[in-house]
Amino acid sequence: MISVVLVNPKYSGNVGSIARVMMNFGFEELRIVGDKSIINNEAYMMAVHAREILDNAKFYNSFDEAIKDLDFVIATSGARGGDRNLKRVPITPKELADKILEVKGKIGIVFGREDDGLRNEDIDKCDLLVSIPTSEKYPIMNLSHAVAVILYEIYAKKVENKFLDINMREASKEDKELLIKKFNEFIDRNKKIPEHKKELCKIIFKRLVNRAFISGKEAWTLMSAFK
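Residues numbered from 1 in each chain as written. Predicted model: local features only at pLDDT ≥ 70, side-chain atom pairs only at ≥ 80, totals over all residues. Heavy atoms only, no water.

The name that an unreviewed UniProt entry assigns to the protein chain is RNA methyltransferase, TrmH family, group 1, with the source organism given as Methanocaldococcus fervens. Database annotation for the protein chain, UniProt heading Sequence similarities (unreviewed entry): "Belongs to the class IV-like SAM-binding methyltransferase superfamily. RNA methyltransferase TrmH family." (UniProt positions renumbered as here; feature names shortened; annotations may be inferred.)

Draft legend 1. Structural detail: the packing of aromatic side chains. Evaluated as defined, the whole model comprises seven aromatic pairs. Seen from their ring centres, F183 and F186 are 6.4 Å apart, and the 40° between their planes marks the pair as tilted. Highlighted residues: F183 and F186, both in helix α8 (residues 173–189), separated by three residues, approximately one helical turn. Accessibility expressed as a relative area gives 37% for F186, which makes it partly exposed. Their ring planes at 75° and their centres at 5.3 Å tell us that F183 and F226 sit as a pair that is edge-to-face. Of the two residues, F183 sits in helix α8 while F226 sits in helix α10 (residues 216–226), which places them 43 residues apart along the sequence. Using a relative accessible area of 10% as the deciding quantity, one classes F183 as buried. Site record: aromatic cluster; members linked through ring pairs are F183, F186, F205 and F226. (Phe/Tyr/Trp six-rings, centres within 6.5 Å; stacked < 30°, edge-to-face > 60°. Helix = DSSP H or I, 4+ residues; strand = E, 2+ residues; numbered from the N terminus. Buried < 20%, exposed > 50% of the residue type's maximum accessible area, 1.4 Å probe, protein only.)

Draft legend 2. Structural view of helix α1 (residues 12–24). In this model, α1 (13 residues) spans 19 Å end to end at C-alpha, consistent with the 18 Å of a helix rising 1.5 Å per residue. Of all 13 residues in α1, 10 are buried; the element is thus mostly enclosed. Taken residue by residue, α1 has S12, G13, N14, V15, G16, S17, I18, A19, V21 and M22 as its buried positions. Tucked into the core, α1 has its buried residues touching β1 (2–7), β2 (29–33), α2 (41–47), α3 (51–55) and α7 (143–160). One or two positions beyond α1, positive phi appears at G26, with a value near 80°. (Expected span 1.5 Å × (residues − 1). Contact = heavy atoms within 4.5 Å.)

Draft legend 3. Layout of the side chain of D175. By the element assignment, D175 lies in helix α8. What D175 contacts, discounting residues up to four positions off in sequence, is R169, G216, A219, W220 and M223.

Draft legend 4. Spatial organisation of the packing of helix α5 (residues 93–100) against α7. Relative to each other, α5 and α7 sit at 40°, their axes nearing to 8 Å. Overall, the two elements α5 and α7 adopt an arrangement that is oblique. The element α5 and its partner α7 pack so that their crossing is right-handed. Residues P93, K94, L96, A97, D98 and I100 of α5 pack against V149, I150, E153, I154 and K157 of α7. Its residues placed into classes, the contact of α5 with α7 shows seven nonpolar, no polar and four charged. (Axes fitted to C-alpha atoms, helices over the stretch in contact; angles between N-to-C directions. Parallel < 35°, antiparallel > 145°, perpendicular 65-115°, else oblique. Left-handed = near helix turned anticlockwise from the far one by under 90°. Nonpolar A, V, L, I, M, F, W, Y, C, P; charged D, E, K, R; others polar.)

Draft legend 5. Broad picture of the domain arrangement of the protein chain. The domain architecture assigned to the protein chain consists of domain 1 (2–159) and domain 2 (173–225). For domain 1 versus domain 2, the separation of C-alpha centres amounts to 27 Å. Listed by partner, the interface residues are 17 residues for domain 1 and 10 residues for domain 2. For the pair domain 1 and domain 2, the two sides together bury roughly 1,300 Å², of which 60% comes from carbon and sulfur. Taken together, the links from domain 1 to domain 2 amount to zero salt bridges. (Domains from an automatic or database assignment. Buried area = accessible area lost by both parts, 1.4 Å probe. Salt bridge = Lys/Arg side-chain N within 4 Å of Asp/Glu carboxyl O.)

Draft legend 6. Quick look at unusual backbone geometry. For N8, which is not glycine, the phi dihedral falls at a positive 50°. With respect to the helices and strands, N8 occurs in the loop between β1 and α1. Its identity is not glycine, yet V48 carries a phi of approximately 55°, on the positive side. Here V48 shows up in the loop between α2 and α3. Of the residues examined, V48 reaches a relative accessible area of 33% and is grouped as partly exposed.

Structural data, given as structure tokens:
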């Protein structure tokens, strides 16, 4: 199950448009960090025939609460990093779609505020970062348009895979957490790595593990090496 998670959206029209997009591409659960007043007449007007998604929307007081029961959390951002900002190195929506349908459990795709997006502390709590390639002249997309692009890619891949049988067991959340724990222990005990670089090493490894969508067998093989 894939949920759309909106963090403190500002405009009711955007929320309504997102509900419509979700209905277009077969997504049902909308989670909102913020006040219920965001769903008003304008939201229903923009949702058109997707009113039920707004009626069933779940509200949370904090980002942590909204993602607490999710097994895999994907952050989205228009701001992209590189060698100087490794926390902001993303994959594309197409790359996400190629692998996401293999993930087991509850998945959340998180979209930030219209004005400043997701903050670094929010992104750090997620397993993966996705960014939509856009023109440098105007790189930041409207929130509902960004949701549409990502959900379309996932839906299109689902249709493409309709008659495929994927047999490889995806690494579970527990498998990945244990692997990351073993790696972190390895880093902490390694005296050749400067202290100020250890935290960044841990973040990069977590991103690599989740970007690769590794199998359970791969996770346990790596764990054996770190042990």
